[in-house]
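This is what each chain is made of:
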Amino acid sequence: MRAVGFHEHGGLDKLVPLDVPSPKAAAHEVLVRVKACALNHLDLWVREGLPGLKLTFPHIPGCDVAGEVAAVGPDVREPAVGARVAVNPGRWCGTCEWCVRGEHPLCPEYRIMGEHFPGGYAEYVAVPAANCVELPTDFEFVDAAAAPLVYQTAWRALIKRARIRPGEDVLILGAGSGVSTAAIQIAKYAGCTVFATSSSEEKLRRAKEIGADVLINYREMEFEKAVWELTGKRGVDVVLEHVGEATFEKSTRALAKSGRLVFVGATTGPAAKFDLRRAFWRQVNLMGSTMGSQTDFEDVMKLVFRRKLRPVVDRTFPLEQARDAQERLAKGEQFGKIVLTVD
Ligand SMILES: [Zn+2]
C-alpha cells in the first residue's frame, strides 16, 4: 500500500513516500481504508524523536483516522464491511485497575496510534473494532478525522477534570490550536463565558466565530493582566493550558481564588515555574489531563455528529503532500486542523 513515513528520526526531510505491505486485521480488529487523517503536534514530536519512544522503522505517523471498513477479523460483530467510521487512537489493556474503572488513559499500557505503532498516513490501518464509531451518512470523512484526538482531550479536560459549569469564566490559551478550537466550542456549549488568547487578530476573529466571547491579543497586553482587568480583578474560574513553560505561571495568575488550572500539554517546554505561596493562599487547583476514555470519545463524537460541536478544518492536503502539511503545522500558521486526504 501507499503510505508516508520515516526510516529514522529527524527533520521534515525524513518524511518520505513508502510502499509497504498492508496491515491485516487481527481477530478483534477491522481493517480501515483511510479516507482522511488529521495531523497533530504529536506527529512532529514522533518524527523528531521522543525520550523513551522506541519505534519499528519505517514508522507511519497519524493518530486521527476516518475511513471505510474494508475487512473485519473473525471475532468482530460490528462495524461491518463498508461501514464509514472514525477511530479512537488510544489503546489500552482492558483488564488493569484503571481500565476496569473506565479510566483508559491511566492504563500502564496506554498507547496512541501513530505514536507507538503505525498510524493513518497510509491507505490502510488495522484498528480494534471497539475503537470505531460509525459516521452519520451525510458526515464528511475530513470533518470526522479532524475530531477524535483533540475533542476527546478537550472534553476530558473541561468536562471530566475541571467540571466546568454554566456561567463560569473559562480561559483557553492559543486560540488557533486543534485542542483550543475544540475547547472553545465545548466551553461555549456548556454555557460558559469563553476567553481566548492569540497573537493574531485573524485567529481571534475566527475564535469569535466559533464561540469565544472575550478576545485577548497577548501581543498588546499580557493575557493575565488583560484577564485581571476584564474580570474586575477576580480572575477566571478555569484555565485550559497546553503551552507549558512559557505561560504556566501567567495561567496561575489569571485564576480566580479556588480556580482550576487544567493542563494537557507543554508545547514550549516542561519546566513550569510558579509561586507556590500565591497558589496555596488563593487555594487554586492544578489538574493534569491527557487524551480520553472510550466513553469520553463516544460522548464527544456524538455531539460532533449532531453538529453541536463543529470540527474546524484549516486545510486539506493529499497524502503525498504530508511534508507540506507538517511544515504548515510546525510554523503554527493554521487555525484548526490540517487533514490529509487519501484517494
Ligand atoms: Zn489497562
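Before any of the text, the structure's been laid out above.
Residues numbered from 1 in each chain as written. Predicted model: local features only at pLDDT ≥ 70, side-chain atom pairs only at ≥ 80, totals over all residues. Heavy atoms only, no water.

1. With respect to the packing of aromatic side chains
In this description, a pair of aromatic rings is defined by centroid distance and the angle of the planes.
Argument step 1. For the coordinates displayed, the defined rule picks out five aromatic pairs.
Argument step 2. Consider the rings of W92 and Y110, whose centres lie 6.3 Å apart with planes at 5°: the pair is stacked. You can see W92 sitting in the loop between β6 (90–91) and α2 (97–100) and its partner Y110 sitting in the loop between α2 and β7 (111–112), a full 18 residues away along the chain.
Argument step 3. Feature note: the residues F248, F263 and F274 constitute an aromatic cluster, connected by ring pairs.
Argument step 4. The residue whose ring lies beneath R278 is W228, and the NZ or CZ to ring-centre distance is 5.8 Å. (Phe/Tyr/Trp six-rings, centres within 6.5 Å; stacked < 30°, edge-to-face > 60°. Helix = DSSP H or I, 4+ residues; strand = E, 2+ residues; numbered from the N terminus. Lys NZ or Arg CZ within 6 Å of the ring centre and 35° of its normal.)

2. What about helix α7 (residues 223–230)?
Argument step 1. Within α7, burial applies to F223, E224, A226 and V227. Along the axis of α7, the buried residues cluster in a sector spanning 160°; they form a single face.
Argument step 2. Buried residues along α7 sit in contact with β10 (169–172), β11 (193–198), β12 (214–217), β13 (236–241) and α8 (248–254).
Argument step 3. Immediately downstream of α7, the backbone of G232 shows phi near 60°, a positive value. (Buried < 20%, exposed > 50% of the residue type's maximum accessible area, 1.4 Å probe, protein only. Arc of directions from axis to C-beta. Contact = heavy atoms within 4.5 Å.)

3. Overview of the sheet that holds β10
Argument step 1. The six strands lie next to each other as β12-β11-β10-β13-β14-β15, forming an open sheet whose pairing is parallel. Looking along the sheet, the strands with just one partner apiece sit at the ends: β12 and β15 (285–288). Mean inter-strand twist for the sheet, computed between neighbouring axes without regard to direction, equals 20°.
Argument step 2. Pairing of β13 with strand β14 (residues 255–263) involves five bridges; the strand directions are parallel. When the sheet's bridge partners are listed, V239 is paired in β14 with L261.
Argument step 3. Running over the sheet, α7 touches β10, β11, β12, β13 and β14 and is turned about 145° from β12. (Pairing = 2+ DSSP bridges. Axes fitted to C-alpha atoms, helices over the stretch in contact; angles between N-to-C directions.)

4. Focus: the pattern of salt bridges
Argument step 1. Scanning the model with the defined rule gives 21 salt bridges in all.
Argument step 2. A salt bridge links R2 to E123, with the shortest nitrogen-to-oxygen separation between them at 3.5 Å. Of this pair, R2 sits in strand β1 (residues 2–5) while E123 is found in the loop between β7 and β8 (124–128), placing the two residues 121 residues apart along the sequence.
Argument step 3. Taking the relative accessible area as the measure of exposure, R2 reaches 31% and is therefore partly exposed.
Argument step 4. You can call E123 buried: its relative accessible area is 14%.
Argument step 5. The partner of R205 in a salt bridge is E202, and the shortest N-O contact between them spans 2.9 Å. Residue R205 and its partner E202 are located together in helix α6 (residues 201–209), separated by three residues, close to a single helical turn.
Argument step 6. The partly exposed category is assigned to R205, whose relative accessible area is 42%. (Salt bridge = Lys/Arg side-chain N within 4 Å of Asp/Glu carboxyl O.)

5. Considerations on the nonpolar core
Nonpolar side chains in soluble globular proteins tend to end up buried together.
Argument step 1. Membership of the largest hydrophobic core comes to 98 residues, with the highest contact counts inside it found for Y121, Y151, L158, I164, I184 and L240.
Argument step 2. For this core, the element with the highest residue contribution is helix α4 (residues 148–161), accounting for seven residues.
Argument step 3. Beyond its immediate stretch of four places on either side in the chain, L240 contacts A157, L158, L171, I172, L173, V179, A183, V262 and V264.
Argument step 4. The next biggest cluster of nonpolar side chains, apart from the first, holds 17 residues, and it includes L173, I216, V239 and L261. (Core = buried A, V, L, I, M, F, W, Y, C linked by side-chain atoms within 4.5 Å.)

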